[in-house]
Amino acid sequence: MSTLAVIIVVISVLAVIFFIGGFIAVRRRAARPEVEEHIRHADRALEQARAKDRGWHRESMLGVASEALRERHPDHEWPAVELVLVEDRPGVTEDRAHMVCAGPQGPVRVILARREGGEWFAEQVEPA
């Protein structure tokens, strides 16, 4: 067997091993019970932020996230959209909310930001 063939076989085997390892890691992370606690913590942070600052309305944030997903992935459905992180910083334009949207094609993170008037918009949509 030539050296090139050996190198190709070794690289192929490593690629398969890394793929399987990544798949297992993603499945374990999704099954962790602390994810639910993290979501509950984010919900509590949202309630505290809403008490301090008007404009942290969950329904409007979910609407903006859903619209961003429809624009980016019009052929997919997103049955679950969860708030996972609230960044309530001084000033309206520094606020951020991270939402993870789960679907059959995998999770997607939507990062929402606020404009000067307090309106939410999708700043970033990326694989989670």
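Structure shown above.
Only a predicted model underlies this, so the values are computations on that prediction, with no experimental measurement involved.

**Details of the side chain of Asp-95**
Structurally, the position occupied by Asp-95 is in the loop between strand S1 (80-87) and strand S2 (96-102). Judged by its relative accessible area of 0%, Asp-95 is buried. A distance of 3.1 Å separates a polar side-chain atom of Asp-95 from the backbone nitrogen of Arg-89.

**Considering the pattern of salt bridges**
This model, assessed by the stated rule, comprises six salt bridges. A salt bridge links Asp-43 to Arg-58; the nearest nitrogen and oxygen atoms lie 2.8 Å apart. One end of the pair, Asp-43, is in helix H2 (residues 34-52); the other, Arg-58, is in helix H3 (residues 58-72), with 15 residues separating them in the sequence. We note a salt bridge from Arg-115 to Glu-119, for which the minimum N-O separation is 3.8 Å.

**A look at the nonpolar core**
Within the largest apolar cluster, 20 residues are counted, with the highest numbers of intra-cluster contacts made by Trp-56, Met-61, Leu-69, Leu-83, Ala-97, Val-110 and Leu-112. Tallying contributions element by element places H3 first for this core, with four residues.

**What about the pairing of strand S3 (residues 108-114)?**
Burial within S3 is extensive, with six of its seven residues counted as buried. Bridge analysis of S2 against S3 gives six bridges, and the strand direction is antiparallel. Counted as the bridge partner of His-98 is Ile-111 from S3. Joining the antiparallel neighbours S2 and S3 is a turn of five residues, in which Gly-106 adopts a positive phi near 110 degrees. Here seven bridges tie S3 to strand S4 (residues 120-127), and the two strands are oriented antiparallel to one another. Bridge assignment links Arg-109 to a residue of S4, and that residue is Glu-126. Counted along the chain from S3 to the antiparallel partner S4, the turn is five residues long, and its residue Gly-118 has a positive phi close to 100 degrees.

What counts, and at which threshold
Residues numbered from 1 in each chain as written. Predicted model: local features only at pLDDT ≥ 70, side-chain atom pairs only at ≥ 80, totals over all residues. Heavy atoms only, no water. Helix = DSSP H or I, 4+ residues; strand = E, 2+ residues; numbered from the N terminus. Buried < 20%, exposed > 50% of the residue type's maximum accessible area, 1.4 Å probe, protein only. Polar contact = N/O pair within 3.5 Å; in protein donor to acceptor, adjacent residues only side chain to side chain. Salt bridge = Lys/Arg side-chain N within 4 Å of Asp/Glu carboxyl O. Core = buried A, V, L, I, M, F, W, Y, C linked by side-chain atoms within 4.5 Å. Pairing = 2+ DSSP bridges.

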